[in-house]
Amino acid sequence: MTILTKTNNAKRAGKFLNLLKPRDIFFHDGSTLRRVRIGTGIQAGASFALLLLFLWAAAATVQLALAASAPLNPQISRIQHDVEAMQADVAAMKAVAAKRYELTAAEMKKLGLEPTRFHGGQAYTGSGGPLELVEPARAEDPNFKALFMSWKKLDQIEQGTIAIPSTVPVHGTNFTSGFGVRSDPFKGRAAMHAGIDLAGPLNTPIYATADGTVDRAEWNTGGYGNLVEIDHGRGIQTRYGHLTRYIVAAGDHVKRGQLIAYMGSTGRSTGSHLHYEVRIDGKPVNPVPFLQSSDYLQSVQRRAETQVALGGPVKSE
Ligand SMILES: [Zn+2]
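Residues numbered from 1 in each chain as written. Predicted model: local features only at pLDDT ≥ 70, side-chain atom pairs only at ≥ 80, totals over all residues. Heavy atoms only, no water.

A separate point is the pattern of salt bridges. Across all of its chains, the model carries twelve salt bridges by this definition. Ionic pairing is found between E158 and R303, a salt bridge with its closest N-O pair at 2.9 Å. Taken together, the positions of E158 in helix 5 (residues 142–160) and R303 in helix 7 (residues 295–311) put the pair 145 residues apart, joining distant regions of the chain. Its salt-bridge partner being K255, residue D211 comes within 3.0 Å of it at the nearest N-O pair. Here the residue D211 occupies a position in the loop between strand 7 (205–207) and strand 8 (212–220), and K255 occupies one in the loop between strand 12 (253–254) and strand 13 (259–262), the gap between them amounting to 44 residues. With relative accessibility at 3%, the residue D211 sits in the buried group. (Salt bridge = Lys/Arg side-chain N within 4 Å of Asp/Glu carboxyl O. Helix = DSSP H or I, 4+ residues; strand = E, 2+ residues; numbered from the N terminus. Buried < 20%, exposed > 50% of the residue type's maximum accessible area, 1.4 Å probe, protein only.)

Judged by nonpolar contacts, the single largest core of 38 residues is most densely connected at L113, I164, I206, V228, Y240, I260 and L274. In this structure, this core is formed jointly by two domains, domain 2 (84–164 + 294–317) and domain 3 (174–292), each of which donates at least three residues. (Core = buried A, V, L, I, M, F, W, Y, C linked by side-chain atoms within 4.5 Å. Domains from an automatic or database assignment.)

Let us now look at helix 5. Helix length check: helix 5, at 19 residues, gives a terminal C-alpha distance of 27 Å against a target of 27 Å (1.5 Å per residue), a fit within 8%. For helix 5, the full list of buried residues reads L147, F148, W151, L154, D155, Q156, I157, E158, Q159 and G160. (Expected span 1.5 Å × (residues − 1).)

Counted under the stated rule, the structure contains one aromatic pair. Residues Y240 and Y276 carry aromatic rings whose centres are separated by 5.4 Å and whose planes lie at 45° to one another, so their mutual orientation is tilted. Separated by 36 residues along the polypeptide, Y240 in strand 10 (residues 236–243) and Y276 in strand 14 (residues 273–280) bring together distant segments of the chain. Y276 gets classed as buried once you look at its relative accessible area, which sits at 0%. When the ring centre of Y101 is taken as origin, the NZ or CZ atom of K153, which lies over that ring, is 4.5 Å away. (Phe/Tyr/Trp six-rings, centres within 6.5 Å; stacked < 30°, edge-to-face > 60°. Lys NZ or Arg CZ within 6 Å of the ring centre and 35° of its normal.)

Here it is in structure tokens:
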């Protein structure tokens, strides 16, 4: 068997060497006939080079074919799969952020507030949401950057909702007078009513309708009687007039729903009631839509308040 193989191999090698035996090539250069001899070594080298070239081309072809059908390395295919899944996640998160932004912006517009009022986050700069930590490390990746920007924008608008008065300042009261032009009970002629009147028994508790800082709690000579004014930031204020007494002082920070005063009939008042105002950039607006804030807005506010609580103290303007 071995001898037979050896013999066969020797025969084949002999045949191969025979193919590569020195060859003479004759050519005529115009004047004389020339002979060039090509040795076995050169022929073998050339054959080997050709063989390598052929194998390399074949390998490349096979690789291309494999890459087209099934990837060579299962690790590479796993990474590719992970990257695709991550890109899908990024797209989904961006879509969620966009949807939530859109809903919150729509709630603000219902109240006559432009969402841009809440961008930039002056009131809450430095409070530090968890998203802010992500920015420097991922900023170079355009996908992450876009995702970060949409979530930052969402974070700002949602944080901004904290400034929006959205609860009732008193419970179980009668709505007695609306916002706008009405017949003035004192002058007997048409006058602008800058807020709404909510009537109830003397000493009915009165609550702040949004987080903010008390910027006055004092006697007002202009007709409000005992007046509390709260600055909620973002150019939004509320006023509470005709109070029997107040239990907050200028500079106090108050939370939404916090007890601040008791109902009365001080100042230009004909009976126990709360005069309630919402002001935007110093101008009184109709408070009624703010009293009817949606569950959606209130849930956003609760979430934003939780985030502020986690991120640090609220810095009011
Ligand atoms: Zn009033």
